[in-house]
Amino acid sequence: MINYWPLLGVAVVVAGFALRWNPMLVVVTAGLVSGLAAGKSPGELLALLGTTLVSNRTLLLFAVTFPAIGVLERAGLRERASAWILGFARLTLARLLIAYLAARQLLAMVGLIHVAGHPQTVRPLLAPMAEATATRRFGALDPGSRERVRALAAATDNVGLFFGEDVFLAFGAVLLIQGFYDGQGIHLDPLSIGLWALPTAIAAFVIHVVRILIFERRLARTLPEARVVHESPAVPPPPPAEAG
Amino acid sequence: MLTLTHVFYLIGASLVGAAVLNLRDRRWLQAAFWAILAAPCLVGDPILAANKAGTQWPAQVMGAGVIALALLAWRTRARKVVDDPEQARAREASAARFGNLLFLPALAIPGITLALVLGARIDALRVTAWIEPRQLPLISLGLAATLAMVLGIALTRARPVHGLTEGRRLLDSIGWPLALPLLLATLGGVFVETGVGKAISALVGEVIPTDSAVACLLAFGLGMVAFTAIMGNAFAAFPVMMAGIGLPLLVKLHGAHPAALGAMGMLTGYSGTLVTPMAANFNVVPVLLLELRDPHAVIRAQWPTALALLVANLILMGVLVFR
């Protein structure tokens, strides 16, 4: 018979997050509850926690870039990134993010998922560049707008990664899908699985591009300075399409 | 031959370094946290080997370490990182002095990773003779990050110790959420081991009307999203939902195309990843890296994309899966 008691662990996760406990505490408590409910002895449970932690340690791997990024930030990498991007006169926030999204998706499609990421590229390069292009067009950003611009930069990286991953080359997800079917006696070629990710990849690109464009338009509307900058006599009035 | 173990020695060393620097600042809890987290990096392989050989105590000590990490995370106060204006001026001056040269080491990280991954496809370069081929992308990233640090220190004439102190600055600015993805994956492993997946799929199977293909598809898609949101990871949700609904009801009963259902079902789950704080490495770590005040800022930026994509995916599946 199926033992339903381990589901208590899922209930702990849901309740813990609803009550805003510390997530680390919630996660470990859920694991202990689920393990004890499944009838594991404390000794077995500790060993299970220890071995699963070690087997999943690749999730710490992103920290390997920290010393390099830290040294470069100390030398002014983020400041240089925003100064450099302003050299492109026609580059706007939306164009920057759309170009990044396309590049991230294409790289992920051919399996290059570790060349970019939040510590490697978003914090030191994309976020300061996004802020700089937004500030140039709309004037100084209020703290709320600056925060939303940064968050959108991070979101763009996530969307590009998730919906580019695994289309042409078999990595992670595709191998998991193939492995699952293999175990059930259905044998599939990895490429035939990956290509089915293409329609969703295209839909994700289109949807997120539209959202980036809407975001930029809203930013122009909420920042009162944007209009002042455009209408100041020193600057010729831009064509309507650019007024955003 | 370079293996992933060597890369973990590097991470372990920088965690130990961060622990020592925090000890010197009398930040005991943070120091203990980094020290425990260094353990799976430095002695992970012996722990697994001992456990396989039947000696359980090292794994049990590590398991106690997991509980300690949770308690420390609960009690640790985040260090408020204040940007002092003098340092900001120094960075501006340095940025002006080095100019675009600063990009060279920064782009060396993706550049060298890319070169090694692509180079491995060319037999004549014999890249796989000195890098373990199965973990090539991750080892390449570790190698690239190390070379970039050396290059960065040489270029900016920083002292080598800055690799340690600056690495610690980034680690401390993230704090305990750095380990949250790892602990979530650990929870996922425990859930699989304790039969949570089987119990969920049994429950779902009892609730939905199985003779309607559309109802099954909706239950599968929404189940992927919900379970992914709870687990923070579509990889954990996939086997559960496939075993519960995808394979028995959609593929076997209603004749769905297995490859299409697998690929698009997984991607449907990613909509759940975009909206859950449980996917800490994607939604929580960047909040800290970008110094955002709203802990859900990234999720707020993502949920409309996630929702629109969920609808798009359900429609795409409905059209493409039952051909």
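Residues numbered from 1 in each chain as written. Chains lettered and ligands numbered in written order. Predicted model: local features only at pLDDT ≥ 70, side-chain atom pairs only at ≥ 80, totals over all residues.

**Observations concerning the overall build of chain B**
Part 1 of the reasoning: Each helix and strand in chain B was counted, giving 15 helices and zero strands.
Part 2 of the reasoning: Split into buried and exposed, the 323 residues of chain B put 52% on the buried side.
Part 3 of the reasoning: Within chain B, contacts between residues separated by at least 24 positions form 72% of all contacts whose residues are at least 6 apart in sequence. (Helix = DSSP H or I, 4+ residues; strand = E, 2+ residues; numbered from the N terminus. Buried ≥ 20, exposed ≤ 12 C-beta atoms within 10 Å, placed from the backbone. Contact = placed C-beta atoms within 7 Å.)

**Notes on the overall build of chain A**
Part 1 of the reasoning: Within chain A, the secondary structure is distributed over 13 helices and zero strands.
Part 2 of the reasoning: Going from the N terminus to the C terminus, chain A shows its helices and strands as α-α-α-α-α-α-α-α-α-α-α-α-α.
Part 3 of the reasoning: Partitioning the contacts of chain A with sequence separation of at least 6, the portion at a separation of at least 24 is 72%.

**Thoughts on the confidence of the model for chain B**
Residue and element names in this part refer to chain B.
Part 1 of the reasoning: Looking at chain B as a whole, its pLDDT mean stands at 89, while 98% of the residues score no less than 70.
Part 2 of the reasoning: Mean pLDDT across the elements of chain B ranges from a minimum in helix H9 (residues 196-207), with 77, to a maximum in helix H15 (residues 297-320), with 96.
Part 3 of the reasoning: Taken over the whole predicted complex, pTM reads 0.82, whereas the ipTM for its chain interfaces reads 0.85. (pLDDT = per-residue confidence, 0-100.)

**Quick notes on the confidence of the model for chain A**
When pLDDT drops low, the exact placement of atoms in the prediction is not to be read closely.
Residues and elements named next belong to chain A.
Part 1 of the reasoning: In the predicted model, chain A carries a mean pLDDT of 85, and the fraction of residues at 70 or more is 88%.
Part 2 of the reasoning: The element-level mean pLDDT for chain A is lowest in helix H13 (residues 240-243), coming to 40, with helix H8 (residues 143-162) highest at 95.
Part 3 of the reasoning: Low pLDDT (under 50) marks residues 227-244, which in the prediction has twelve contacts with non-local residues, meaning those over four places away or in another chain.

**Points about the packing of helix H10 (residues 213-231) of chain B against H15 of chain B**
Residue and element names in this part refer to chain B.
Part 1 of the reasoning: Interaxial distance between H10 and H15 falls to 11 Å at its minimum, and their mutual angle equals 145 degrees. Here the hand of the crossing between H10 and H15 comes out right-handed. Between H10 and H15, the contacting residues are Val-214, Leu-217, Leu-218, Gly-221 and Val-225 on the first element and Leu-310, Asn-313, Leu-314, Met-317 and Gly-318 on the second.
Part 2 of the reasoning: Of the residues that constitute the contact of H10 with H15, the class distribution is seven nonpolar, three polar and no charged. (Axes fitted to C-alpha atoms, helices over the stretch in contact; angles between N-to-C directions. Left-handed = near helix turned anticlockwise from the far one by under 90°. Nonpolar A, V, L, I, M, F, W, Y, C, P; charged D, E, K, R; others polar.)

**Regarding the nonpolar core**
Part 1 of the reasoning: By size, the foremost hydrophobic cluster in this structure holds 192 residues, and its most contacted members are Leu-97 and Ala-130 of chain A together with Leu-69, Leu-183 and Ala-263 of chain B.
Part 2 of the reasoning: With near-sequence residues (within four places) excluded, Leu-183 of chain B lies in contact with Met-24, Val-27 and Val-28 of chain A together with Val-66 and Leu-69 of chain B. (Core = buried A, V, L, I, M, F, W, Y, C linked by C-beta atoms within 7 Å.)

**Structural notes on the interface of chain B and chain A**
By a widely used convention, the size of an interface equals the accessible area lost when the partners come together.
Part 1 of the reasoning: With 117 residues of chain B in contact, the opposing surface of chain A contributes 98 residues.
Part 2 of the reasoning: Ranked by the residues each element gives to the side of chain B that touches chain A, the list is headed by H15 of chain B, at 13 residues.
Part 3 of the reasoning: In the side of chain B that touches chain A, the residues fall into 82 nonpolar, 26 polar and nine charged.

**Topic: the packing of H10 of chain B against helix H11 (residues 234-253) of chain B**
Residues and elements named next belong to chain B.
Part 1 of the reasoning: Packing of H10 against H11 brings their axes to within 8 Å, and their N-to-C directions diverge by 160 degrees. Here H10 lies roughly antiparallel to H11, going by the angle between them. At the point where H10 passes H11, the crossing takes the right-handed sense. Judged by residue contacts, Cys-216, Leu-217, Ala-219, Phe-220, Gly-223, Met-224, Phe-227, Thr-228 and Met-231 of H10 engage Ala-234, Ala-236, Ala-237, Val-240, Met-241, Ile-245, Gly-246, Leu-249 and Leu-250 from H11.
Part 2 of the reasoning: Here the contact of H10 with H11 is built from residues that sort into 15 nonpolar, three polar and no charged. (Parallel < 35°, antiparallel > 145°, perpendicular 65-115°, else oblique.)

**Side note on unusual backbone geometry**
All names here are of chain B.
Part 1 of the reasoning: Residues other than glycine seldom take positive phi values, yet Arg-26 does so here, at roughly 60 degrees.
Part 2 of the reasoning: With respect to the element layout, Arg-26 can be found in the loop between helix H1 (4-24) and helix H2 (28-52).
Part 3 of the reasoning: The phi dihedral of Arg-126 is positive, around 50 degrees, even though this residue is not glycine.
Part 4 of the reasoning: Its place among the elements puts Arg-126 in the loop between helix H5 (103-119) and helix H6 (136-156).

**Remarks on the environment of Phe-227 of chain B**
All names here are of chain B.
Part 1 of the reasoning: Tracing the backbone through its elements, the reader meets Phe-227 in helix H10.
Part 2 of the reasoning: Residue class for Phe-227 comes out buried when judged on the 25 C-beta atoms lying within 10 Å of it.
Part 3 of the reasoning: Between the C-alpha atoms of Phe-227 and Ala-259, which are 32 residues apart in sequence, the distance is 21 Å.

**Topic: H11 of chain B**
Helical geometry note: an α-helix holds 3.6 residues per turn, so side chains three or four residues apart project in the same direction.
Part 1 of the reasoning: Here H11 of chain B contains 20 residues, and its C-alpha end-to-end distance of 24 Å is more than 12% below the 28 Å for a straight helix at 1.5 Å per residue.
Part 2 of the reasoning: Downstream of H11 of chain B by one or two residues, Gly-255 of chain B has phi in the positive range, about 70 degrees. (Expected span 1.5 Å × (residues − 1).)

**Points about the environment of Ser-55 of chain A**
All names here are of chain A.
Part 1 of the reasoning: Summarising the element assignment, Ser-55 is placed in helix H3 (residues 42-55).
Part 2 of the reasoning: Take Ser-55: there are 15 C-beta atoms within 10 Å of it, and that puts it in the partly exposed class.
Part 3 of the reasoning: Distance in space between the C-alpha atoms of Ser-55 and Phe-180 is 20 Å, their sequence separation being 125 residues.

**Thoughts on H5 of chain B**
Part 1 of the reasoning: Here H5 of chain B spans 23 Å end to end across 17 residues, near enough to the 24 Å set by a 1.5 Å rise per residue.
Part 2 of the reasoning: Along H5 of chain B, the sharpest change in direction is near 35 degrees and occurs at Ile-109 of chain B; proline Pro-110 of chain B comes one to four residues later.
Part 3 of the reasoning: For H5 of chain B, the full list of buried residues reads Pro-105, Ala-106, Ala-108, Ile-109, Pro-110, Ile-112, Thr-113, Leu-116 and Val-117 of chain B.
Part 4 of the reasoning: Contacts from the buried residues of H5 of chain B go to helix H4 (66-74), helix H5 (77-85) and helix H7 (118-138) of chain A together with H6 of chain B. (Bend = angle between axes of the 7 residues up to and from the residue.)

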